[in-house]
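Listed below are the residues making up each chain.
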Amino acid sequence: MSLLQATEVAKRYGGLAALSDVDLSVGEGEFVAVIGPNGAGKSTLLNVLTGLVLPDGGRVLLDGWDMTRAATHKRVRGGLGRTFQHGRPFARLSVLENVMTGAAIQSGRSELDLRERAMAVLDQMGLAADAQAPIESLSYGHRRMVEMCRALACEPRVLLLDEPAAGLNSAEVDQLVDRLTELRGKHRIAIVLIEHNMGMVMRLAERIMVLNFGCKIAEGTPSEIQSDPAVLSAYLGEGYRHAGV
Amino acid sequence: MSIRFPLLLGAFILIAGLGLSMMLADYHLRLLNLAVISAIAVIGLNFAFGYAGLISLGHAAFVGAGAYGVALLTTLLAWSPWLALPAAVAGTALLAMLIGVPLLRLKGHYLALATLGFNVCFSIVAANWIEVTGGTNGISRIPELQIAGHALGNERSYLWFALVVLAASATVAALIHASRHGRAMIAVRDDETASSMTGIDVPRAKLAAFLLSSVYAAVAGGLFACHMRFISPEDFNYAHSITYLAMLVVGGEGSIVGAILGALLVTFLPEWLRFLGSAYLAFFGLFVLAILIFLPSGLAGIRRPASFSRDGRIKTLALVGASREARQ
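The rules behind the values
Residues numbered from 1 in each chain as written. Chains lettered and ligands numbered in written order. Predicted model: local features only at pLDDT ≥ 70, side-chain atom pairs only at ≥ 80, totals over all residues. Helix = DSSP H or I, 4+ residues; strand = E, 2+ residues; numbered from the N terminus. Rg over C-alpha atoms; globule rule 2.2 N^0.38 Å. Buried ≥ 20, exposed ≤ 12 C-beta atoms within 10 Å, placed from the backbone. Contact = placed C-beta atoms within 7 Å. Pairing = 2+ DSSP bridges. UniProt positions renumbered as here; feature names shortened; annotations may be inferred. Nonpolar A, V, L, I, M, F, W, Y, C, P; charged D, E, K, R; others polar. Core = buried A, V, L, I, M, F, W, Y, C linked by C-beta atoms within 7 Å.

**A few points about the overall build of chain B**
Line of reasoning, step 1. Counting secondary structure elements, chain B contains 14 helices and two strands.
Line of reasoning, step 2. For a compact globule of 328 residues, the expected C-alpha radius of gyration is about 20 Å, and chain B comes in at 19 Å, within 12% of that figure.
Line of reasoning, step 3. Counting only residues that meet the buried cut, chain B has 52% of its 328 residues in that class.
Line of reasoning, step 4. Counted over contacts in chain B with a minimum sequence separation of 6, partners at least 24 positions apart contribute 77%.

This is how it looks when you write it as structure tokens:
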């Protein structure tokens, strides 16, 4: 049985169908990418999964628990993590404090325990040197990594990443790919990645789902998706097959 | 921040206050008492506004609830003030819970207006429910506090007591600030969506901040009632709420030290500038403006990067304008 399962999820905004009967299933430790043109409903799908938007129809299950209408913080405590499109670390807290907020997901941990857990995550993601720094002193890429650390400190079983490579330079993207690969190897976290950087998607994803105008138009392995005619015309472009990203 | 800072803060308050209490004359001791009591209320407001970002313009009503609680229990029911104080604080917390649950669904300026409305309601009830509150005549003959048979009758001995309460309040506040609960409140002000995505129960964190702020307000109110031994609705009208907010902004929102400095400065400034006469209000307005422009994180921000609370600047300008109007 899959760890995270969305069935026939639908969401309308007025006359616009942001999502129509979309299914998504993510197994334990699996890496799934969701791609599609802007406005295809990718972020809406993440918002439905995290409870920031309630769907008009369909169900969302996490390890068998029906959380379709559950509050966001309860989903997070149940093992769902997420980062945002442009990175949203808490600006008035230091790097370490940001990550400690995540580690406090389990009640009853001492301050010392929280600190040690947060430091362990920062260490793993290569941010330990910046632990005491205020957020505003960090580069954009580092801020996004802080947010990722905060999400990881919540010990998610499924991590949803909303365009984590947007705004990063190519060296940072390479680093991000390495860290994500490492994470999966160590912790068996399932990852759902929304991304426009096709190089990154094709390197990481085991399975790709393609959305267009709120509908799923294709799903399959990277090589299947790269040669799918519907995907090529809707998103990747006919030239993609030959360009070889 | 470790446990050292909260304890040092408490100790510093006691030592500095003790020193001052030996040097000052009676009139200034009275002002210092009022400043210390305000400081406790402002440390409370800091939980709601400074940490959780809840603009409360009804803080004086909670101070009033604590004060009226103590006054009624001691005069009508002849309770000991020591029993009346915790009972009044608990009652105020309950009141804050009852109005907090519906009101905290509102955000920003809507919450500010709703809490302001609550404060106005409080004043109207206190002024018109004559059988209980004595109306605008207020409640007099509130018994004085006694410690081991020693009445805290004069300003100096009362100040010592108030200082102990302030030191304890500040220490507890600093401990909460450095805990997961403090971080959760600060996170909620920064970004509610990201907070819930970090497992924080946002409505609960807001309610906790609001309750804490009302508890500190009630403690301040109880101390005020026992100090003045006479209270009336005027002591708790909405202009006082705005003054508390001005104290917090001048001192530095989000900072406990700032809350105390702000309460001291805004209490003493009118005395130091008495020679200005009616021009004082204009000066005070300019002074607060200067602080907002040059020290946007308040007096406490002198040792912190000024950009820490940039976002508070524009909102508070409007509030300070309102403060001046309300005082006139």
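**Considering the pairing of strand 7 (residues 158-162) of chain A**
Residues and elements named next belong to chain A.
Line of reasoning, step 1. Taking burial as the measure, the five residues of strand 7 include five buried ones, the bulk of the element.
Line of reasoning, step 2. Bridge count between strand 6 (residues 80-83) and strand 7: four bridges; the pairing is parallel. Its bridge partner lying in strand 7, Arg-82 is registered against Leu-160.
Line of reasoning, step 3. Strand direction decides the pairing type here: strand 7 and strand 8 (residues 190-194), joined by five bridges, are parallel. When the bridges of strand 8 are listed, Val-158 appears paired with Ala-190.

**Some words on the UniProt feature "domain: ABC transporter" (unreviewed entry) in chain A**
Line of reasoning, step 1. According to UniProt, the "domain: ABC transporter" (unreviewed entry) feature falls on residues 4-238 of chain A.
Line of reasoning, step 2. Helix makes up 38% of residues 4-238 of chain A and strand 26%, with an end-to-end C-alpha separation of 33 Å.

**Structural notes on the interface of chain B and chain A**
How big an interface is tends to be reported as the loss of accessible area on association of its parts.
Line of reasoning, step 1. Counting residues at the interface gives 18 residues for chain B, matched by 24 residues for chain A.
Line of reasoning, step 2. Elements that contribute at least two residues to the side of chain B that touches chain A include exactly helix 8 (180-190) and helix 9 (192-196) of chain B.
Line of reasoning, step 3. At six residues, the largest contribution of residues to the side of chain B that touches chain A is made by helix 8 of chain B.
Line of reasoning, step 4. Taken together, the residues of the side of chain B that touches chain A sort by class into seven nonpolar, six polar and five charged.

**Quick look at the nonpolar core**
Line of reasoning, step 1. In terms of nonpolar packing, the biggest core is built from 175 residues, with Ala39(B) and Ala209(B) touching the most fellow members.
Line of reasoning, step 2. With 15 residues, the top contributor of residues to this core is helix 10 (residues 202-228) of chain B.

**Comments concerning the environment of Gly19(B)**
Residue and element names in this part refer to chain B.
Line of reasoning, step 1. Its location among the elements puts Gly-19 in helix 1 (residues 4-23).
Line of reasoning, step 2. The exposed category is assigned to Gly-19, around which 10 C-beta atoms lie within 10 Å.
Line of reasoning, step 3. In sequence terms Gly-19 and Leu-159 are 140 residues apart; their C-alpha atoms lie 11 Å from each other.

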